[in-house]
Amino acid sequence: MGVLAFLNEKPTLSHVMSWMDIETLCLLFGMMVLVAILCETGFFDYVAVLAYKLAKGKRWTVITLMCLFTAFISAFLDNVTTILLFTPVSIRLCEVMELNPKNVLIALVMFSNIGGTATAVGDPPNVIIISNEEVAKKGIGFANFTLHMSIGSALAMVVTYFVIRVMYRNLIPLQFEEPHEVVELRQEIQVWKRAAGSLSLYSRDENSVRRMLLQKVEALEILMKKKLFDKSPAKDAYEASLLELQKKYRIQNWPLLIKTGIVMFAVIMLFFLHSIPFMNISLGWIALIGAIFLLVLADVNEIEHIFARVEWTTLVFFAALFAVMEALNELGLLKFIGTLTENFIKDIPEDSRLAVSIILILWVSAIASSFIDNIPFTTVMIKIVLQIADNPELNLPLQPLVWALAFGACFGGNGTLIGASANVVCAGVAEQHGFRFTFMEFFKIGFPIMLVSTTVAMFYLLVCHVGFEWNYS
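This structure is a prediction, so every number in the text was calculated from the model and none was measured.

Participant: Please clarify how the nonpolar core should be interpreted in this entry.
Facilitator: A general tendency of soluble globular proteins is for nonpolar side chains to be buried together. Formed by 135 residues in total, the largest nonpolar core has its most connected members in Phe145, Phe271, Leu401 and Phe407. The element that contributes the greatest number of residues to this core is helix H3 (residues 22–39), accounting for 12 residues. Setting aside residues up to four positions removed in sequence, phenylalanine 145 forms contacts with Ala118, Thr119, Ala120, Asn126, Ile129, Ile130, Ile140, Val402, Trp403 and Ala406.

Participant: So what exactly am I meant to see when it comes to the pattern of salt bridges here?
Facilitator: A side chain with one charge may pair with a side chain of the opposite charge, provided their charged atoms come close. Evaluated as defined, the whole model comprises six salt bridges. Put simply, aspartate 390 and lysine 138 hold a salt bridge, and the shortest N to O gap is 3.1 Å. One end of the pair, aspartate 390, is in helix H20 (residues 374–390); the other, lysine 138, is in the loop between helix H9 (133–137) and helix H10 (142–167), and 252 residues separate them in sequence. Given the relative accessible area of 42%, lysine 138 is considered partly exposed. Residue glutamate 431 pairs with arginine 436 through a salt bridge whose shortest N-O separation is 3.7 Å.

Participant: Any chance you could explain helix H23 (residues 439–467) here in plain terms?
Facilitator: Residues spaced three or four apart along an α-helix face the same direction, because each turn holds 3.6 residues. Between its first and last C-alpha, H23 extends 39 Å over 29 residues, near the 42 Å set by a 1.5 Å rise per residue. At isoleucine 445, H23 shows its largest bend, some 30 degrees, and a proline, proline 448, comes one to four positions later.

Participant: I would appreciate a short explanation of the side chain of asparagine 113 in the present structure.
Facilitator: Mapped onto the elements of the fold, asparagine 113 is located in helix H7 (residues 101–116). At a separation of 3.0 Å, a polar atom in the side chain of asparagine 113 contacts the side chain of asparagine 423.

Calculation criteria
- Residues numbered from 1 in each chain as written.
- Predicted model: local features only at pLDDT ≥ 70, side-chain atom pairs only at ≥ 80, totals over all residues.
- Heavy atoms only, no water.
- Core = buried A, V, L, I, M, F, W, Y, C linked by side-chain atoms within 4.5 Å.
- Buried < 20%, exposed > 50% of the residue type's maximum accessible area, 1.4 Å probe, protein only.
- Helix = DSSP H or I, 4+ residues; strand = E, 2+ residues; numbered from the N terminus.
- Contact = heavy atoms within 4.5 Å.
- Salt bridge = Lys/Arg side-chain N within 4 Å of Asp/Glu carboxyl O.
- Expected span 1.5 Å × (residues − 1).
- Bend = angle between axes of the 7 residues up to and from the residue.
- Polar contact = N/O pair within 3.5 Å; in protein donor to acceptor, adjacent residues only side chain to side chain.

What follows is the structure, encoded as structure tokens:
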């Protein structure tokens, strides 16, 4: 904006306001209100405790169920809000299972970002893409976006799970260094060892007592090892923990949960149906009408409490971001970058252009989104992708290029701690609970997973869109 003013092309306030994508802002606001009302029911806490109950306290089963629940919910709700609400109760579950929450939370964030990739409303980059007018005019709607993206996301999720199992194959380093019960046992063992060492070897009776004491030490050491290596809490401890969790984390308002479930189901169904010709209504309006209807249906006493949960800073950020991107467009920067990319693709043989374009957009998006937030990156790249697809000399279909951008931006967010908003939110909540994880701790797990999931997406796109030419459905 400053550069435009310096060039004596300062836009008017009304012109700047016209740059803002009201469609995207309405979609985000509507979904935030729906999620804010859902929070009032205690649904997210209940789901986490349900995972613990179904797994009977077994660590890997709990982690698996939590990852699956997080991925599924993130596909239809904002993954940032999902992580924000799942993190506190996940930390409590980890404490019950005597696991360090840091590693489990990182796994949850990975699955949240991958699950959010599956639909047009799960991850902010997808919202930016699907809300673009030019993308909508090309026939890309919620239904076919979800169809193409969900298959690749499911494949990436399966591979990611096995990678995490390999990374976390030994749960012992992920445990707290000294659980309370183990500390007590270790202290008791030292007492018995000192008692045995104080006895002389000259008396048969003292030798007999010494052997008994050493047998006691061996029994305690076996018990300590069992507590260290046992993959699930003792039955009594599990039942006591489950009872405590069920009392603390339960559904607070069943009627409101039922109303919210019905409205959200209707909203998601309308998302799928909005591209039908007679359904002349946008995604933003569907979300907004759903939010208003639920506010009336819920009969909330203090609506300020609901609006306090809305992420106003995120909405302002998006609004400002649209203004900045349009300002860059006015300066000709985006067109310049798009022209350079087009010239590079022109030099590729025609029969390989689509494959090279998919690989280029996918990996540039993934690597860039690892080190800069994927939201502003997607806002820039979608315009460049549209410019490439509109070039008649290149003759490239738009759909596979859009899928490549979406996969790259969303999966790339797993690469580093600052790659996606959900990562930063999770780290902040974890630090508030006393479990801080550093950039490098996240990088050691996230970056390999980003590389693996992006590779899976690359092969999926190449097989479907280059091999089978699945570009127009």
